[in-house]
Amino acid sequence: MAELEEVLPALAEEMAARTDRGEVADYIPQLRKIDPDRFGIAVALNDGRVITAGDADEAFSIQSISKMFTLTLALGKVGDALWRRVGREPSGNPFNSIVQLEHELGIPRNPFINAGAIVVTDVLLAGHQPREALGEILRFIQFLADDDGIAIDREVAASERATGYRNFALANYMRAFGNLQHEPELALGVYFHHCAIAMSCRQLALSAQFLAHEGRNPATGHSVVSAERARRILALMLTCGHYDGSGDFAFRVGIPGKSGVGGGIIGIVPGVASIAVWSPGLNENGNSRLGSIALEKLTKAMNWSVFAP
Ligand SMILES: NC(=O)CC[C@H](N)C(=O)O
């Protein structure tokens, strides 16, 4: 098997030279400013090693990767009752689509599309002020990464709130069906802020390690979720983690993943490692273009797949 210490720098160099980088998300004005030439990758192995290459220590907007953390928290809070309000099927539609919501009576297809994540955020708001709910999410991520330096980029959150008409439409629609317990303004305030959390590839890889290690963080020894719950979160990542590009990601990369429009992707090799990659340019499904390509090359080089031992 290839050595990661050699594979990662070679991959970062190859990606730096590519010109087909995709388009940086421009519907959130603050994200438009990001340099498309950035590329970073970090692999946190279950044996404790963390190997990085490129811009792996530069913080970027995690965006929808936060949906993986909020889902984990909401399952901890309400358990399987969550599934009465959100489904577990791939949507086959863009992340911000509204079309299925009318037919399906305001129940979003899964927790990783925007509508589903807004419901999950609404669950986390129960019994809290928005500020407390947000603090809980941020502290959970800091705890997972064992890093108190992780923070919210308030300019990104404000920028998204100012232009988030589609998310307001989704939230209002679900509220009309009775699937949102708080005013859309409150649920979205928390949602925009958790999407605007800024993290580096290193921090992200470390924060997702519990998913590669049957629910327990191998670095800190902390138990985060049960082994069964970790498997189920991974199943949702594999089937729904890349919106309407989820099938293609499973086909090409062969591991569960979760992307965000900031250009980050988390990938999990169960029993082996968690991976974070960042390249801001996106493909037609809103997933990092070079990030997906780099993960495909990495899993191939390392012979990593959930479809083989
Ligand atoms: N795919 C994403 O990363 C989308 C998240 C973004 N905050 C939005 O709601 O549109």
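All of these numbers come straight from a predicted model, not from anything done at the bench. (Residues numbered from 1 in each chain as written. Predicted model: local features only at pLDDT ≥ 70, side-chain atom pairs only at ≥ 80, totals over all residues.)

S.K.: I'm lost on helix H1 (residues 4-17) in this one. Help?
M.R.: Because an α-helix completes one turn every 3.6 residues, residues spaced three or four positions apart along the sequence face the same direction. Look at H1: 20 Å from first C-alpha to last across 14 residues, which is about the 20 Å you get at 1.5 Å a residue. The set of residues buried in H1 consists of Val7, Leu8, Leu11, Ala12 and Met15. Buried residues of H1, seen end-on, are gathered within an arc of 125° and therefore sit on one face of the element. Opposite its buried face, H1 presents the exposed residues Glu5, Glu6, Glu13 and Ala17, each directed more than 90 degrees away. Check the buried side of H1 and you find it contacts strand E2 (40-45), strand E3 (50-54) and helix H13 (289-302). (Helix = DSSP H or I, 4+ residues; strand = E, 2+ residues; numbered from the N terminus. Expected span 1.5 Å × (residues − 1). Buried ≥ 20, exposed ≤ 12 C-beta atoms within 10 Å, placed from the backbone. Arc of directions from axis to C-beta. Contact = placed C-beta atoms within 7 Å.)

S.K.: Would you mind going over the site of the ligand with me for this structure?
M.R.: For the ligand, the full set of nearby residues is Gln63, Ser64, Phe95, Asn96, Asn114, Glu160, Asn167, Cys195, Gly260, Val261 and Gly286. Split by residue class, the shell around the ligand holds three nonpolar, seven polar and one charged. Per-domain counts for the shell around the ligand show at least three residues from each of domain 1 (4-63 + 198-300) and domain 2 (67-195). (Near = placed C-beta within 6 Å. Nonpolar A, V, L, I, M, F, W, Y, C, P; charged D, E, K, R; others polar. Domains from an automatic or database assignment.)

S.K.: Can you help me understand the sheet that holds strand E6 (residues 197-199) in this one?
M.R.: Note: strands within a sheet are paired through backbone hydrogen bonds, in either parallel or antiparallel orientation. Strand order in the open sheet formed by three strands is E4-E6-E5, and the pairing between neighbours is antiparallel. Looking at strand neighbours, the two that pair on one side only are strand E4 (60-61) and strand E5 (151-152), the edges of this open sheet. (Pairing = 2+ DSSP bridges.)

S.K.: Is there a simple way to think about the sheet that holds strand E8 (residues 264-269) in this case?
M.R.: Ordered by their spatial adjacency, five strands build an open sheet running E3-E2-E9-E8-E7, and the pairing between neighbours is antiparallel. Single-partner strands in this sheet number two, and they are E3 and strand E7 (257-259). In this sheet, neighbouring strand axes are inclined to one another by 10° on average, regardless of whether the strands run parallel or antiparallel. Relative to E3, E2 runs antiparallel, the two sharing five bridges. When the bridges of E3 are listed, Ala42 appears paired with Thr52. The strands touched by H1 are E2 and E3; relative to E3, the strand with the most contacts, the crossing angle is about 20°. (Axes fitted to C-alpha atoms, helices over the stretch in contact; angles between N-to-C directions.)

S.K.: Explanation requested: the environment of Tyr173 in the structure shown.
M.R.: Checked against the element boundaries, Tyr173 lands in helix H7 (residues 165-176). When the C-alpha positions of Tyr173 and Ile41 are compared, they lie 38 Å apart, and in sequence the two are 132 residues distant. For Tyr173, the contacting residues outside a window of four places in its chain are Ile98, Leu101 and Gly106.

S.K.: What is the right way to look at the environment of Ala308 in this model?
M.R.: By the secondary structure assignment, Ala308 is in the segment after H13. Exposure remark for Ala308: the 7 C-beta atoms within 10 Å place this residue in the exposed category. Residues Ala308 and Gly254, 54 residues apart in the sequence, show an inter-C-alpha distance of 9.4 Å.

S.K.: Whenever I open this one, the domain arrangement of the chain confuses me. Can you help?
M.R.: It is common to report an interface's size as the accessible area lost on association of the parts. Each assigned domain of the chain is listed here: domain 1 (4-63 + 198-300) and domain 2 (67-195). Placing the centre of domain 1 and that of domain 2 at their C-alpha centroids yields a distance of 21 Å. In this assembly, 31 residues from domain 1 lie in contact with 30 residues from domain 2. Listed by contribution, the elements that provide at least two residues to the side of domain 1 that touches domain 2 are E6, helix H9 (201-207) and helix H11 (227-240).

S.K.: Teacher, can you tell me more about the confidence of the model for the chain here?
M.R.: Keep in mind that low pLDDT regions are not for reading the predicted coordinates in detail. Model confidence for the chain is summarised by a mean pLDDT of 97, while 100% of its residues fall at 70 or above. Confidence metrics for the complex model read pTM 0.97 and ipTM 0.96. (pLDDT = per-residue confidence, 0-100.)

S.K.: Please clarify how the environment of Gly245 should be interpreted in this entry.
M.R.: The residue Gly245 is located in the loop between H11 and helix H12 (246-252) in this model. In this structure Gly245 comes out as partly exposed when scored by C-beta crowding, with 19 C-beta atoms within 10 Å. It is 9.0 Å that separates the C-alpha atoms of Gly245 and Asn93, two residues lying 152 residues apart in sequence.

S.K.: Can you walk me through the nonpolar core in this structure?
M.R.: The nonpolar side chains of a soluble globular protein tend to be buried with one another. Core analysis: the biggest nonpolar cluster contains 100 residues, and Ile41, Ile118 and Ala205 have the highest contact counts within it. When residues in this core are grouped by element, the largest group, eight residues, is from helix H4 (residues 114-125). Taken domain by domain, the makeup of this core includes at least three residues from each of domain 1 (4-63 + 198-300) and domain 2 (67-195). Setting aside residues no more than four positions away along its own chain, Ile41 makes contact with Leu8, Leu11, Ala12, Thr52, Ala53, Gly54, Ala56, Cys201, Val277 and Ala294. (Core = buried A, V, L, I, M, F, W, Y, C linked by C-beta atoms within 7 Å.)

S.K.: What should I look at first to understand the packing of helix H2 (residues 66-78) against helix H5 (residues 130-145) in this one?
M.R.: The angle between the axes and the distance between the axes are what describe a pair of packed helices. Viewed as axis vectors pointing N to C, H2 and H5 meet at an angle of 105°, and their least axial separation amounts to 10 Å. Judged by the inter-axis angle, H2 sits roughly perpendicular to H5. Packed against H2, whose contacting residues are Phe69, Thr70 and Leu73, the element H5 presents Ile137, Phe140 and Ile141 at the interface. Of the residues contributing to the contact of H2 with H5, the split by class is five nonpolar, one polar and no charged. (Parallel < 35°, antiparallel > 145°, perpendicular 65-115°, else oblique.)

S.K.: Sorry, what's going on with the pairing of E3 here?
M.R.: For E3, the buried fraction is high: four of the five residues fall into the buried class. The hairpin turn running from E2 into E3, its antiparallel successor, is four residues long, and Gly48 in that turn takes a positive phi close to 105°.

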